[in-house]
Amino acid sequence: MYVHGLGDAQERAAQEYDWKYGWMDSIKIICPKCKSEHCVWEDYDEEHDEYYSEYTFYCYCEECEHEFEHYHTT
């Protein structure tokens, strides 16, 4: 949502968010039940230490309506 008057600061914040989290939308998630690639993640948790970050995505399959968790480590 764009708020008038914030201008450059809001644009910079949006770019930083995209830089930090934009890769999440490009993760290929496959349903473990029906093997469909038509899955979306609805929420996530993040754990990290000095060596890695682990993400738990809470996913939903649009084909078979199965809800599941997908783990991703960076």
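Preceding this paragraph is the structure being described.
Residues numbered from 1 in each chain as written. Predicted model: local features only at pLDDT ≥ 70, side-chain atom pairs only at ≥ 80, totals over all residues. Heavy atoms only, no water.

Moving on: the environment of aspartate 49. Counting through the fold element by element, aspartate 49 comes out in the loop between strand 1 (39–48) and strand 2 (53–61). Under the relative-accessibility criterion, aspartate 49 is labelled partly exposed at 41%. Polar side-chain contacts of aspartate 49 include one of 2.8 Å to the backbone nitrogen of tyrosine 51. Here the side chain of aspartate 49 touches tyrosine 52 through a polar contact of 3.1 Å, landing on its backbone nitrogen. (Helix = DSSP H or I, 4+ residues; strand = E, 2+ residues; numbered from the N terminus. Buried < 20%, exposed > 50% of the residue type's maximum accessible area, 1.4 Å probe, protein only. Polar contact = N/O pair within 3.5 Å; in protein donor to acceptor, adjacent residues only side chain to side chain.)

So, about a negative patch on the surface. A cluster of acidic side chains, namely Glu42, Asp43, Asp45, Glu47, Glu67 and Glu69, defines a negative patch on the protein surface. Looking at which element gives the most residues to the negative patch, the answer is strand 1, with 4 residues. Within the secondary structure layout, aspartate 43 lies in strand 1. Taking relative accessible area as the criterion, aspartate 43 reaches 44% and is therefore assigned partly exposed. (Patch = residues over 30% accessible without salt bridge, like charges linked within 9 Å, V, L, I, M, F, W, Y side chains within 5 Å. Areas by Shrake-Rupley, 256 points an atom, 1.4 Å probe, with all protein chains shown as cover. Salt bridge = Lys/Arg side-chain N within 4 Å of Asp/Glu carboxyl O. Lys, Arg positive; Asp, Glu negative; His and termini not counted. Charge placed at Lys NZ, Arg CZ, Asp CG, Glu CD.)

In this section: unusual backbone geometry. Positive phi, normally seen in glycine, also occurs at lysine 35, with a value near 70°. Examined against the element boundaries, lysine 35 turns out to sit in the loop between helix 1 (8–21) and strand 1. The class for lysine 35 is exposed, based on a relative accessible area of 59%. Despite not being glycine, glutamate 65 shows a phi value in the positive range, around 65°. Here glutamate 65 lies in the loop between strand 2 and strand 3 (67–73).

Bridge count between strand 1 and strand 2: 9 bridges; the pairing is antiparallel. Bridged to aspartate 45 within strand 2 is threonine 56. (Pairing = 2+ DSSP bridges.)

Now for the nonpolar core. In terms of nonpolar packing, the biggest core is built from 11 residues, these being Tyr21, Met24, Ile27, Ile29, Cys31, Cys39, Tyr55, Phe57, Cys59, Cys61 and Phe68. The greatest single-element share of this core, amounting to 4 residues, is contributed by strand 2. (Core = buried A, V, L, I, M, F, W, Y, C linked by side-chain atoms within 4.5 Å.)

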